[in-house]
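So the chains spell out like this:
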Amino acid sequence: MSRRLDHGGTRIDRSRPVRVTVDGQELAAYAGDTLASAMLAADLPLVARGIYSGRPRGIVGVGAEEPHAWVQVLSGGGEPMVQATLLEVYDGLAVERLAGRGRLPLDPESDRHDTLFSHWEVVVVGGGAAGRRAAAQAAAAGAGRVLLVDDQPALEHLDGVTVLARTTVTGLYGHGRLVAVERLPATGQIGGARLHHLQAGRVVLATGSQERPLALEDGDRPGVMLACAAADHLRRYAVLPGERAVVWAAHDPGLHAAIELADGGVEVLAVLDVRDEMGEPLAAAFAARGIPVHLGAEVTGTDGTDDGRLNRVHTSAGSYDADLLAVSGGADPAVQLWSHAGGRTRWSDEVAGFVPLPGPEGRVSIVGAAAGELGGPRPTYLAPATHFRSSVGDPERVFLDPHRDATLHDLRRAHTAGLTSVEHVKRFTTIGTGADQGRGSGVLSVGVLAQELGLPVGEVGTTTYRPPYLPLSFGLLAGRNRGELSDPVRLSQLHDRVAHAPMENVGQWKRPWFFPAAEETLDDAVAREVRAVRTGVGMMDASTLGKILLQGTDVGVLLDRVYTNLFSTLKTGKVRYGVMCGPDGMVIDDGTTARLSETEWLMSTTTGNAATVLDALEEWHQTEWPELDVTMTSVTDQWSVVAVAGPRSREVVAALAPGLDCSAEAFGFMEWRSTHVAGIPARVMRISFSGELAFELNVPSWWGAALWDAVAQAGAAYGITPYGTETMHVLRAEKGFPIVGQDTDGTVTPYDLGLGWAVSRKRADFVGKRSLARADAQRPDRRHLVGLRPVDGTSRIVEGAQLVAHGADLMAYPVPMAGHVTSAYPAGHDGRPFALALLDGGRDRIGEVLDAVDDLVPVPVRVTGPVSYDEEGARRDG
């Protein structure tokens, strides 16, 4: 039997019928229906069962106050624990009724969620009359950007106001920050939502009020609804919530709902008002409709059918055969967001609810019904009564929080146990701890507790509301930051030129790993690339190295403090290598810095550490040395860099930059020049990470691809060979150049790496200096960076292998460990395997034979110095 009227319904579109399925049963609905209204229209009153009691439950409310109707969405991506009163139907929607708890879908979620950030001068929460008025006034006053947020599907246009419908603010935090969930229009199999982070200069809360139930024996039975909610279902969705009704109310809006039900086609058998008098307009309205009114009356209990549906209502004025009991205990100002912001409340007898006290933060104000102002679409003639429950009934069947199956009996047990604080009673009984956050049960339970204690409600007080106002799904919190989108992928401007190579992840960057020719393996390709750089010339994309532009008159002072060596004496046109330590004296990065002018410096960092270094510089500057005239800007993306390395690199660069004197005499090591390369404005730096003569060509990033092509063309006569990160690692490892993060682990000092020459002993201070002076940092048995060679000259050493005494019994636990392999390569310039390692007292153990053990397989290795190629550094000048 359908309870849908053939006319009316402000929210539904009768031209767009849809089909929804509940537990396999197909229901007819219209676009604009909620699942709750569709179920009411289909006369499907049972929507859930008690989580512990298993008692049948029906629809109570029309919005977020609904305690019973939570369903499991099966269609689309699926979602557990969704309120039927907030779930808009769509064609193909399939749900399952729940017995209290939902379950996470096992399949990957197909719904799409996004996260958005925005700033507003004014954010108004609530699209009722008070909210629209506040938003319009703010816009008219020229407040700037004004946002109106409301959870209803549509809002009227307001000049100068941005409207965000279908959106619920779930949290209000300090400094005007709000988090809101926007439900996207339901379109079918792919749903989704947006998580808004709103920053507001001023927040106006116009969140209205929430209808409060009255407690009675068997008041959780299907067919017992909130009176105003029942009338709203009739008006919005043209659904008869029942055919014969008894209305029990403690305030005038509840009585108005009885009139709306009667006018909509419900036979109202009786109206009960807990108060002893009634406003004349209401009394006249009931008399005109022939509806009996009983003052000072109450409902004492209900009966039901075998399936639990309401079929009789017992009152102090008699019993009625009714299938709808509409109750309304009052209107609680919706102060949850006010409480999130630290606002407090007091009990008001005039409102019969908790109303906000003056605000905690000047930028937040609260207006309308949320502030305790009476009125609204259902006017008030007499003050509401402070009334919470029927005076009779079995306490074990008087449900105060049906979402948690908590009863009056549970509350009395808490009282008997000596608990009188509302916060303690909440934890004992679990009232208000369910997914509905006690929106309907919170104040009701406080009122009942006050009666049990014999105290005024205001002395009992209320609990503290905490975010979120509505549950947030994990999918929404994750947004699209999943899978490939969990971390940004950064590509250099040269990527198209090198994309055919296998890529290596370096931080967030994709870098060419090696450039295989024909059927070459990794080892074969790297061996070829190493030979090319050692004997001819190679080129690589070095654009991903971090670049930080430092400007100001005090840059030299800052660098002197964050680097272990002196920088302020560096001349314009020169480049210097530096090591950066943390306060504990451990290496956090290294790199070069070029002085571009008296007030401009360009710092180069490792690829993966660029953000960390910039963050550290900013922290030191902002927290410790704000007086320094320094600004820092990441310019990594603004420059493309091609490294040209090898004994023939000078000839290639000379061909590209005819205006540049590339001779060793005119262009020395660790210097830079401004010139044109292939006609492109460029900075050329004579620095080397391979130990060979090398130039780094820096051009604005939009010229990156053109530069790569030009270098390849100019180098073709010399057999120039592109090389990747693996070859770069081999080349630098042969020279004993450490990579921070690979050859260090946060416990390594510059001295451990053999970089003591880069630590100034004369300077008064720098970050980490005092830690480096500690006895522990000076211990001779600290782990030092050393080189390793397999004793047999051919066995590969495994990266990460543990170093133990040669011939140690690997089964005699624990096996003393002397260090570990940090970098290992199958072949260097001489075709033999080699490695770098951190070894206890390593510099004093050169020549010693150890075992490098991986997976219980020992490889005898001989300890060497970390530099295995061109120890004198003779090749850097060509």
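The rules behind the values
Starting afresh in each chain, residues are numbered from 1 along the sequence in its written order. Per-residue local features are limited, in this predicted model, to residues with pLDDT of at least 70; the limit for side-chain atom pairs, both in listing and counting, is 80 or more; totals at the level of whole chains, interfaces and linings are taken over all residues. Heavy atoms throughout the structure, all of them, feed into the side-chain values; hydrogens and water do not. Two strands pair if DSSP finds at least two bridges between them. Only DSSP runs of H or I covering at least 4 residues are called helices, and only runs of E covering at least 2 are called strands; the numbering of each starts at the N terminus. Here, axes are lines fitted to C-alpha atoms. For helices the fit covers the stretch in contact, and angles between N-to-C directions go from 0 to 180 degrees. Burial classes: relative accessible area under 20% of the type maximum marks a residue as buried, over 50% as exposed, and values in between as partly exposed (1.4 Å probe, protein chains only). In this description, contact between two residues means that some pair of their heavy atoms is separated by no more than 4.5 Å. A crossover counts as right-handed when, viewed with the strands pointing away from the observer, the path leading from the first strand over the helix to the second turns clockwise. Roughly parallel covers angles under 35 degrees, roughly antiparallel covers those over 145, roughly perpendicular covers 65 to 115, and oblique covers all other angles. Two helices cross in a left-handed way if the nearer one is turned anticlockwise from the farther one by less than a right angle. They cross in a right-handed way if the turn is clockwise. We call Asp, Glu, Lys and Arg charged. Ala, Val, Leu, Ile, Met, Phe, Trp, Tyr, Cys and Pro are nonpolar, and the rest, Gly among them, are polar. Relevant arc is that of directions from the helix axis to the C-beta atoms, nothing else. For this analysis, a ring pair means two rings from Phe, Tyr or Trp (six-membered ring only for Trp) whose centres lie within 6.5 Å, classed as stacked if their planes differ by under 30 degrees, edge-to-face if by over 60, and tilted for the remaining angles. Only Lys NZ and Arg CZ are tested; either one counts as a charge over a ring when it is within 6 Å of the ring centre and within 35 degrees of the ring normal. The term nonpolar core refers to a set of buried residues drawn from Ala, Val, Leu, Ile, Met, Phe, Trp, Tyr and Cys, joined through side-chain atoms within 4.5 Å. Salt bridges are counted wherever a side-chain nitrogen of Lys or Arg sits within 4 Å of a carboxyl oxygen of Asp or Glu. Polar contact is defined as a pair of N or O atoms within 3.5 Å, subject to the rule that within protein one atom must be able to donate a hydrogen and the other to accept it, and that residues adjacent in sequence are counted only when both atoms are side-chain atoms.

Peer 1: What's the story with the sheet that holds strand β5 (residues 70-73) in this structure? I'm lost.
Peer 2: One key point about sheets: their strands pair by backbone hydrogen bonds, in either a parallel or an antiparallel sense. Taken together, five strands build an open sheet; the order of strands is β2-β1-β7-β5-β6 and the sheet is mixed. Because the sheet does not close on itself, it has two edges, and the strands there are β2 (25-31) and β6 (79-83). Mean inter-strand twist for the sheet, computed between neighbouring axes without regard to direction, equals 40°. In terms of strand pairing, strand β1 (residues 13-22) meets β2 through seven bridges, oriented antiparallel. Residue pairing across strands places P17 opposite Y30, the latter belonging to β2.

Peer 1: Explain the environment of R275 here, please?
Peer 2: One can find R275 in the loop between β17 (267-273) and α5 (280-289). Given a relative accessible area of 9%, R275 falls into the buried group. C-alpha of R275 to C-alpha of V123: the two residues are 152 residues apart in sequence and 39 Å apart in space. Leave out the neighbours within four places in its chain, and R275 touches A250, H251, D252, L255, L295, G296, L382, A383, P384 and A385.

Peer 1: Mind showing me how you'd approach the pairing of β17 here?
Peer 2: Looking along a regular strand, one sees the side chains alternate between the two faces of the sheet. Counting buried residues in β17 gives six out of seven residues, a clear majority hidden from the surface. Bridge count between strand β16 (residues 244-249) and β17: six bridges; the pairing is parallel. Along β17, the bridge assignment pairs W248 with L272. Handedness of the β-α-β unit built from β16, helix α4 (residues 252-264) and β17 comes out right-handed. Read from β17 through α5 to strand β18 (residues 293-295), the crossover connection turns out right-handed.

Peer 1: Just checking my understanding: could you explain the packing of helix α7 (residues 408-416) against helix α8 (residues 422-429) for this structure?
Peer 2: A pair of packed helices is characterised by two quantities: the angle between their axes and the separation of those axes. Relative to each other, α7 and α8 sit at 125°, their axes nearing to 9 Å. Taken as axis vectors, α7 and α8 run oblique relative to one another. Once α7 is placed against α8, the crossing between them reads as right-handed. Taken together, the residues of α8 that come into contact with α7 (itself represented by D410, L411, R413 and A414) are V425, F428 and T429. In terms of residue class, the contact of α7 with α8 is made up of four nonpolar, one polar and two charged.

Peer 1: I keep staring at α5 and nothing clicks. Help me out?
Peer 2: Owing to its 3.6 residues per turn, the α-helix aligns residues three or four sequence positions apart on the same side. Buried within α5 are the following residues: L282, A285 and F286. Down the axis of α5, the buried side of the element spans an arc of 95°, and every buried residue falls inside it. Seen from the buried face of α5, the exposed residues on the opposite side, beyond 90 degrees, are E280, A287 and A288. Those residues of α5 that are buried lie in contact with α4, β17 and β18.

Peer 1: How should I be thinking about helix α16 (residues 649-656) in this particular structure?
Peer 2: Within the span of α16, buried status applies to S649, V652, V653 and L656. End-on, the buried residues of α16 take up no more than an arc of 95°, which puts them together on one face.

Peer 1: I keep staring at the packing of aromatic side chains and nothing clicks. Help me out?
Peer 2: Two descriptors summarise a pair of aromatic rings, namely the distance from one centre to the other and the angle between the planes of the rings. Within this structure, the stated rule accounts for nine aromatic pairs. Relative to F388, the ring of W347 lies with its centre 6.2 Å away and its plane at 50°, an arrangement referred to as tilted. Within this pair, whereas W347 is found in strand β24 (residues 345-348), its partner F388 is found in the loop between β26 (364-366) and β27 (399-401), the two being separated by 41 residues in sequence. Note on F388: relative accessible area 1%, which makes it buried. Aromatic side chains F689 and F737 sit 5.9 Å apart centroid to centroid with 10° between the ring planes, which places their arrangement in the stacked category. Here F737 lies in the loop between α18 (725-734) and α19 (769-772) and F689 lies in the loop between β39 (680-685) and β40 (694-700), a separation of 48 residues in the sequence. F737 sits in the partly exposed class, given a relative accessible area of 26%. An aromatic cluster is present here, built from W347, F354 and F388 joined pairwise through their rings. A cation over a ring is seen here: R177 above Y173, with NZ or CZ 5.9 Å from the ring centre. Positioned over the ring face of Y469 is R439, at 5.0 Å from the centre of the ring.

Peer 1: I would appreciate a short explanation of the nonpolar core in the present structure.
Peer 2: For soluble globular proteins, nonpolar side chains are generally found buried alongside one another. Counting residues in each nonpolar core, the largest one holds 59 residues, and the members touching the most others are L35, L93, L261 and F286. When residues of this core are assigned to their parent elements, the largest contribution, seven residues, is made by helix α3 (residues 227-237). Those residues in contact with F286 that lie beyond four places of it in its chain are L255, A258, I259, V271, M278, I291 and V293. By size, the runner-up hydrophobic cluster in this structure holds 44 residues, among which are L178, W338, L408 and L411.

Peer 1: Quick question: what am I supposed to make of unusual backbone geometry here?
Peer 2: For residues other than glycine, phi is negative in most cases, and the peptide bonds are mostly trans. For the bond from P467 to P468, the omega torsion is 0°, close enough to zero to count as cis. Note that P468 resides in the loop between α10 (457-460) and α11 (474-478). Following Y813, the chain continues to P814 via a peptide bond in cis, the omega torsion being -15°. Relative to the helices and strands, P814 resides in the loop between β43 (802-805) and β44 (819-825).

Peer 1: Sorry, what's going on with the sheet that holds strand β19 (residues 299-304) here?
Peer 2: Ordered in space as β19-β20-β21, the three strands form an open sheet in which the pairing is antiparallel. A single partner strand is all that each edge strand has here, and the edge strands are β19 and β21 (318-320). The mean inter-strand angle of the sheet, taken between neighbouring strand axes irrespective of direction, is 20°. Both β19 and strand β20 (residues 310-315) contribute to a ladder of five bridges, which runs antiparallel. Among the inter-strand pairings, V299 is bridged to a residue of β20, identified as T315.

Peer 1: Looking at this structure, I do not really get the pattern of salt bridges. What am I missing?
Peer 2: If charged atoms from side chains of opposite charge come close, those side chains can pair. If you walk through the whole model with that rule in mind, you get 54 salt bridges. Notably, a salt bridge pairs E243 with R244, separated by 3.9 Å at the nearest N-O pair. Its salt-bridge partner being D273, residue R275 comes within 3.0 Å of it at the nearest N-O pair. Both residues of the pair, R275 and D273, count as buried. Several salt bridges converge on common partners, so that one network encompasses R55, R57, E217, D218, D220, R221, R397 and D405.

Peer 1: I'm lost on the environment of D23 in this one. Help?
Peer 2: You can see D23 is positioned in the loop between β1 and β2. Ignoring anything within four residues of it in the chain, the contact list for D23 reads V95, E96 and R97. Within the local environment of D23, its side chain forms a polar contact with the side chain of R97, the two groups lying 2.8 Å apart.

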